[in-house]
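# Survey of secondary and tertiary structure
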Amino acid sequence: MVLAVSGVLGAAYSAYAQTTASLKPRLDALSERDLFQTSRIFDRNGTLLYEFFDAGKRTNISFDQISPLLINATVAIEDKTFFTNQGIDLNGIVRTAMSSLQAGEETGGASTITQQVIKNYVLTNEERAPDRRYERKIKEIILAQELDKAYAKEAILELYLNENFYGNLAYGIEAASEVFFGIHAKDLNLNQASLLAGLPQLPSVYNPINYLERDAEGVFLPGVFLNAGWEQPDYQLPANLSAPRWRQIAVLRRMVEDGYVSADQARLALSQPLRFAPQEVPLNAPHFVFYVRDLIQEQYGQDALTGGGLRITTTLDLDLQMMVQRTAAERIAEIRERNIHNAAVVVMQPNTGQILAMVGSIDYNAVEATRTPGESGNVIDGQVNVATRERQPGSALKPFTYLAAMEQGINPETVLWDVPTEFPLSGGEWYAPLNYNAKFNGPVRMRNALANSLNIPAVRALKLAGITNTLDLLDRVGIKSGLKRGESFYGLSLTLGGGEVTPLELTTAYNTLASGGLYYAPSAILEISDASGQILERFSPEPGPQVVDPSLVAIITDMMSDDRARAPVWGLNSPLKLTLPAAVKTGTSNDWRDAWAAGFTPFVTVAVWTGNNNNEPTEKVESLTGGGIIWRNVMEEIFVWIAEKPRYQQLFAAPFAGATMPTNFTLPDDGSVIRRPICALPGPFGGYNEELFTKSMLTALITPTNTLAPGPELDARLNRIQIPCSAFTKADVVRIPSEEEWTADGILQIQNPETGSDMSILSQGNYCRPIADQSYPEGLRKTIFIWKIPPPDLGERVRYVWSGGSAASGGVSLSSLPDCTPTMFEPPVPVPPVAGAILMPDLRRLGENQAKDRLAALGIPSWQIYVDYQTRERIPGDYDRFAPYAVVSTLPAAGDWIMPGTTVILGIRSPDEAPAPAPPTAAPVVPTAPPNDPLPFPVPPTPSSW
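Conventions and cut-offs
Residues numbered from 1 in each chain as written. Predicted model: local features only at pLDDT ≥ 70, side-chain atom pairs only at ≥ 80, totals over all residues. Heavy atoms only, no water. UniProt positions renumbered as here; feature names shortened; annotations may be inferred. Helix = DSSP H or I, 4+ residues; strand = E, 2+ residues; numbered from the N terminus. Buried < 20%, exposed > 50% of the residue type's maximum accessible area, 1.4 Å probe, protein only. Contact = heavy atoms within 4.5 Å. Areas by Shrake-Rupley, 256 points an atom, 1.4 Å probe, with all protein chains shown as cover. Disulfide = S-S within 2.5 Å. Polar contact = N/O pair within 3.5 Å; in protein donor to acceptor, adjacent residues only side chain to side chain. Phe/Tyr/Trp six-rings, centres within 6.5 Å; stacked < 30°, edge-to-face > 60°. Lys NZ or Arg CZ within 6 Å of the ring centre and 35° of its normal. Pairing = 2+ DSSP bridges. Axes fitted to C-alpha atoms, helices over the stretch in contact; angles between N-to-C directions. Left-handed = near helix turned anticlockwise from the far one by under 90°. Nonpolar A, V, L, I, M, F, W, Y, C, P; charged D, E, K, R; others polar. Salt bridge = Lys/Arg side-chain N within 4 Å of Asp/Glu carboxyl O. Core = buried A, V, L, I, M, F, W, Y, C linked by side-chain atoms within 4.5 Å. Arc of directions from axis to C-beta. pLDDT = per-residue confidence, 0-100.

For the chain, an unreviewed UniProt entry supplies the name Glycosyl transferase family protein and the organism Oscillochloris trichoides DG-6. On record in UniProt, under Subcellular location (unreviewed entry), the comment for the chain is "Cell membrane".

In structure tokens:
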């Protein structure tokens with residue numbers, strides 16, 4: 001009998017040993033299993049932007065990162081003998097078996113924490129099927145004991161707590177702590193720990209989110225007030241007790257029973273309201289977040305993003321992002337009535353390419369349909385990231401047009417004619433660009449043409465540069481995806497916004513200028529680590545390729561930051577002039593659909609787009625009103641933050657390797673840019689008598705082959721060089737006065753001086769060429785500009801006329817003008833109409849006797865002069881303007897002829913007090929003419945005034 005029993009036991013043990021040996025390798029699955037973990041994206045300062053997850057949220061943590069209160073609560077409610085059993089609870093198994101026999105059905109229970117780890121994380125779904133429950137239990141018991149031998153208790157508990165499902169998409173205790181309370185698992189208090197420990201049994205039933213109440217501080221689970229003895233099983237709990245609180249009390253009773261806490265400590269914890277974190281999934285800087293998501297998916301795949309537990313630290317500064325978004329939204333609200341509803345802004349760091357802010361719309365959740373008749377779509381669709389959508393940039397590409405033109409040989413002294421010009425198109429059509437105000441400004445240079453966004457000079461510069469060369473330069477500086485349809489598609493309208501670019505790529509292009517011509521690709525990620533903390537990638541700012549000559553960048557930057565150059569259109573001290581030097585260019589697309597501003601300082605680049613998502617026109621919102629004001633306000637706020645917040649001082653100074661952050665634009669210190677005198681152009685778009693040149697530009701003026709060897713001798717020559725004036729020559733001419741400009745007394749009174757300062761004035765009057773060392777009446781000598789117009793281009797139609805000027809001479813040449821002679825400037829000799837007629841001089845304001853003497857000198861006898869004293873009543877307007885006895889008027893008037901025998905009447909201002917009346921006399925004697933007077937002239941009636 002004994003042998004038989006021994007044989008049975010031996011066979012059973014052998015079967016057990018074989019089963020154990022076959023199952024033991026299954027434990028390797030614990031170390032090899034691939035569990036999903038939540039990936040999180042942070043701003044550069046560690047602020048959570050978003051969590052990427054699929055099945056749920058999980059963050060694995062080590063045992064020592066879990067609150068002891070949570071550990072004790074879990075052990076108390078799930079497996080009180082966990083730290084002493086060998087993976088199974090034999091007493092519990094026996095009790096469960098007896099209970100099931102008595103009940104006539106399986107009552108469950110008796111699974112230790114170790115068994116639950118086996119069940120949930122080692123056995124397959126098929127093995128966990130209800131119809132295989134006995135087989136499953138046997139495997140659990142066997143493997144739990146083996147697991148207990150192979151793993152420390154802390155390691156088993158770490159597995160269990162990291163993989164438990166706590167409800168609300170939270171897998172693992174760290175995710176549960178963050179989802180429910182917004183804290184780490186190590187910081188859980190007794191109230192929080194005891195509630196979480198009870199959830200895994202029935203997460204949906206005990207989900208506290210379903211029972212939360214709200215007050216001014218947020219959402220909470222109300223406290224439960226219990227009396228002494230509450231820990232006893234027969235204590236009557238409140239009837240209205242919520243399910244999660246009921247389960248929490250069960251946990252705390254076990255903790256008191258096992259001596260982890262006292263009854264009073266547990267009762268106090270229960271009485272406290274349990275505050276919960278907001279349950280909305282945080283989504284900060286959504287457009288930027290999803291931009292980074294796409295980068296991660298492309299490089300690491302979807303599974304790594306949603307379940308790989310990646311920690312992604314980005315370049316974004318959330319505070320800066322929120323300021324930029326608020327600033328953009330405020331401006332759009334101010335001009336919304338002009339049918340403009342959205343904005344996009346990108347802030348980038350020079351010399352690194354880091355994206356510090358990306359605002360894809362003013363409100364991620366805003367959607368508004370158009371109300372404009374004939375239009376369709378949404379004027380704002382907040383979830384569309386306009387920062388990465390292509391839009392027409394208007395004139396914002398002009399700086400790159402002029403850069404390309406300088407690369408192809410023009411220099412800042414080159415004249416670009418802003419005159420009516422038609423360029424040929426295919427099919428026999430012509431392209432005739434206009435300025436924004438439809439006016440032409442004549443000869444201008446690059447600085448003023450760029451600063452005032454003149455269109456015809458920009459098109460001319462594009463033609464000189466070559467469209468293909470300009471497209472190549474735009475690609476080099478950062479327009480990597482846009483503008484790829486080829487030269488024939490864009491044509492000369494390219495420089496006026498005939499293509500499309502994204503705000504992000506335009507910011508990158510301007511950031512290349514801010515970086516001195518070094519290209520830095522836009523960077524959104526500082527660091528990525530995996531779930532184990534291993535660094536997968538880390539941003540390291542490496543100098544980008546030199547895609548544009550830094551000397552050319554310095555010149556274009558100087559032009560873009562010149563407030564004086566912008567004055568003709570924008571006025572001095574316009575909103576584009578900031579408190580620190582900044583280079584900027586605006587752009588408005590056709591039909592007022594897009595209004596841009598992009599610019600930079602040495603330490604930050606900002607580009608702004610404003611308009612409508614559906615591309616419908618605004619009500620003539622131009623670049624300064626739309627993007628320009630947002631650009632200014634964002635820039636100025638950044639300046640304030642740098643001045644007041646050390647964090648931003650460090651951020652913007654970081655690329656300069658510990659040196660002081662530069663705020664001024666400077667020329668290259670290698671002497672590659674030289675300032676030289678030039679001839680100043682006349683008019684509002686001129687006035688500059690010096691300009692910046694590169695050494696190669698100046699060398700080309702000495703020798704077209706530009707092959708002189710560099711060195712001190714060449715530098716000395718370049719610093720002495722006189723830039724020839726390619727715009728004009730000057731000449732002096734003198735206008736010959738007309739007869740109408742001479743008074744009767746032979747005094748020259750210049751009338752209607754001619755306008756203009758070029759050859760066109762020669763057709764407005766008679767001119768002569770001045771003789772050396774001769775003087776001429778003031779106001780008649782004039783210096784005129786003789787414009788050097790370029791050779792005719794048979795493929796263009798050009799008229800060299802503009803507002804207030806022309807390069808045409810009206811058919812008159814300088815060589816055809818006579819030399820000036822003295823007689824040309826002498827008063828004309830008057831010819832009397834009849835013999836004996838005398839030209840009446842201007843006697844006004846002379847005294848009565850002086851006037852008589854003057855007339856006598858002309859041969860007018862005294863009997864032919866009649867004096868008319870005029871009182872205040874007769875000449876009220878002139879009475880106080882003349883002295884007593886002064887001549888007020890004459891008849892004939894000055895300049896008229898006194899016919900022989902005609903009486904001359906002098907209107908004399910009477911004295912202030914009328915003279916005493918004359919004694920009575922006979923009737924007045926009327927003077928009579930001499931016997932032989934051919935034209936007797938009777939005394940006229942006394943006039944009221946003359």
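### Points about the overall build of the chain
Summing up its helical and strand segments, the chain has 27 helices and 35 strands in all. Residues classed as buried in the chain amount to 48% of the 946 residues present. Expressed as a percentage of contacts within the chain between residues at least 6 apart in sequence, the contacts between residues at least 24 apart total 71%. Surface summary for the chain: the accessible area is close to 44,500 Å², and the carbon and sulfur share equals 53%.

### Comments concerning the state of the cysteines
The tally for this structure, following the rule as stated, stands at two disulfides. Each disulfide pairs two cysteine sulfurs, and for Cys679 the partner residue is Cys725, the sulfurs being separated by 2.0 Å. Disulfide Cys679 to Cys725: torsion about the S-S bond roughly 80°, handedness right-handed. A residue pair is termed long-range when its members are at least 10 positions apart, and Cys679 in the loop between strand S23 (673-677) and strand S24 (690-694) and Cys725 in the loop between helix H26 (712-720) and strand S25 (728-735) qualify at 46 residues. Assigned by exposure class, Cys679 and Cys725 land together as buried. Disulfide partner of Cys768: Cys820, at an S-S distance of 1.9 Å. With the S-S bond torsion at 95°, the cross-link from Cys768 to Cys820 turns out right-handed.

### So, the side chain of Asp868
By the secondary structure assignment, Asp868 is in strand S32 (residues 865-870). Among the residues examined, Asp868 registers a relative accessible area of 3% and is labelled buried. Polar contacts involving the side chain of Asp868 include one to the side chain of Gln870, which spans 3.5 Å.

### What about the packing of aromatic side chains?
Per the stated rule, a full pass over the model turns up 23 aromatic pairs. Where Tyr50 meets Phe290, the ring centres are 5.9 Å apart and the plane angle is 80°; that geometry is what we call edge-to-face. In this pair, Tyr50 sits in strand S2 (residues 48-52) while Phe290 sits in helix H12 (residues 286-300), placing the two residues 240 residues apart along the sequence. Classification of Phe290 by relative accessible area gives buried; the value is 18%. Measuring from centroid to centroid gives 6.0 Å for Trp787 and Trp802, while their planes differ by 80°, and the two rings are edge-to-face. Of this pair, Trp787 sits in strand S27 (residues 781-787) while Trp802 sits in strand S29 (residues 801-802), placing them 15 residues apart in sequence. Trp802 matches Trp787 in its accessibility class, with the two residues each being buried. Ring pairs connect the aromatic residues Trp417, Phe728, Phe785, Trp787, Tyr800 and Trp802, which therefore count as one cluster. When the ring centre of Trp641 is taken as origin, the NZ or CZ atom of Lys645, which lies over that ring, is 3.9 Å away.

### Brief notes about the sheet that holds strand S8 (residues 274-275)
In a beta sheet, neighbouring strands pair by backbone hydrogen bonds and run either parallel or antiparallel. Strand order in the open sheet formed by three strands is S6-S7-S8, and the pairing between neighbours is antiparallel. On the outer flanks of this sheet lie strand S6 (213-215) and S8, each paired with one strand and no other. The sheet contact formed by strand S7 (residues 218-221) and S8 spans two bridges and is antiparallel. Note on S8: the bridge partner recorded for Leu221 is Leu274.

### Some words on the packing of helix H15 (residues 398-407) against helix H18 (residues 467-477)
Running from N to C, H15 and H18 point in directions that differ by 115°, and their axes come no closer than 9 Å. With respect to the hand of their crossing, H15 and H18 are arranged in right-handed fashion. Here Phe400, Thr401, Leu403, Ala404 and Glu407 of H15 come into contact with H18, specifically with Thr470, Leu473, Leu474, Arg476 and Val477. For the contact of H15 with H18, the per-class residue count stands at six nonpolar, two polar and two charged.

### A closer look at the pattern of salt bridges
According to the stated counting rule, one finds 45 salt bridges in the structure shown. A salt bridge links Asp294 to Arg293; the nearest nitrogen and oxygen atoms lie 3.3 Å apart. Taking the shortest distance from any N to any O, the salt bridge between Asp562 and Arg447 comes out at 3.0 Å. With a gap of 115 residues between them, Asp562 in the loop between helix H21 (550-560) and helix H22 (563-570) and Arg447 in helix H16 (residues 446-451) connect regions that are remote in the sequence. The same class applies to Asp562 and to Arg447, which are both buried.

### Overview of the nonpolar core
Within the largest apolar cluster, 70 residues are counted, with the highest numbers of intra-cluster contacts made by Phe400, Tyr402, Leu403, Met406, Leu483 and Leu494. Per-element tally for this core: the top contributor is H21, with seven residues. In contact with Met406, other than residues within four places in its own chain, are Pro412, Met446, Leu552, Ile555, Ile556 and Met697. Core analysis: the second largest hydrophobic core is formed by 61 residues, Ile71, Ile88, Ala144 and Leu274 among them.

### Digging into H18
Three or four residues apart is the spacing at which side chains of an α-helix point the same way, because the helix has 3.6 residues per turn. Of all the residues in H18, the buried ones are Ile467, Thr470, Leu471, Leu473, Leu474 and Val477. What you see down the axis of H18 is that its buried residues fit within an arc of 160°, all on one side.

### Some thoughts on helix H17 (residues 455-465)
Judged by how many residues are buried, H17 sits mostly within the fold: nine of eleven residues are covered. Those residues of H17 that sit buried are Asn455, Ile456, Pro457, Ala458, Val459, Arg460, Ala461, Leu462 and Ala465. Remark: Gly466 follows H17 within two positions and exhibits a positive phi of approximately 95°.

### Considering the confidence of the model for the chain
Per-residue pLDDT for the chain averages 87, and the proportion of residues at 70 or more is 90%. For the stretch residues 916-946, pLDDT sits under 50, and the model shows 34 contacts to residues farther than four places along the chain or on other chains.

### Points about the sheet that holds strand S4 (residues 165-167)
A sheet is described by the order of its strands in space; here three strands give the open sequence S3-S5-S4, paired in mixed fashion. One side of each edge strand has no neighbouring strand; the edge strands of this open sheet are strand S3 (57-58) and S4. Looking at chain direction, S3 and strand S5 (residues 170-171) are connected through two bridges and run parallel. Looking at S5, one finds that Arg58 is bridged to Tyr171.

### What about the side chain of His287?
Structurally, the position occupied by His287 is in helix H12. Note on His287: relative accessible area 6%, which makes it buried. Residues within four places of His287 in sequence aside, it is in contact with Met358, Gly360, Ser361, Tyr364, Gly382, Gln383, Val384 and Asn385.

### A few points about the environment of Ile479
Inspection of the secondary structure assignment puts Ile479 in the loop between H18 and helix H19 (487-490). Ignoring anything within four residues of it in the chain, the contact list for Ile479 reads Leu474, Lys484, Val501, Glu505, Leu506 and Ala509.

### Examining the environment of Met899
Take Met899: it is sitting in the loop between strand S34 (897-898) and strand S35 (904-909). Judged by its relative accessible area of 29%, Met899 falls in the partly exposed class. Considering only alpha carbons, one finds Met899 and Ile838, 61 residues apart in sequence, at a separation of 6.7 Å.

### Focus: the pairing of strand S15 (residues 421-424)
Going residue by residue along S15, you find Thr421 and Phe423 tucked away on one face and Glu422 and Pro424 left uncovered on the opposite face. Here S15 runs beside strand S28 (residues 797-798); their pairing, made up of two bridges, is antiparallel. Pairing of Thr421 across the sheet is with Val798, part of S28. With two bridges joining them, S15 and strand S16 (residues 430-431) adopt antiparallel strand pairing. Each bridged residue has a counterpart across the sheet, and for Phe423 the counterpart in S16 is Tyr431. Two successive antiparallel strands, S15 and S16, enclose a turn made up of five residues, where Gly427 displays a positive phi of approximately 80°.

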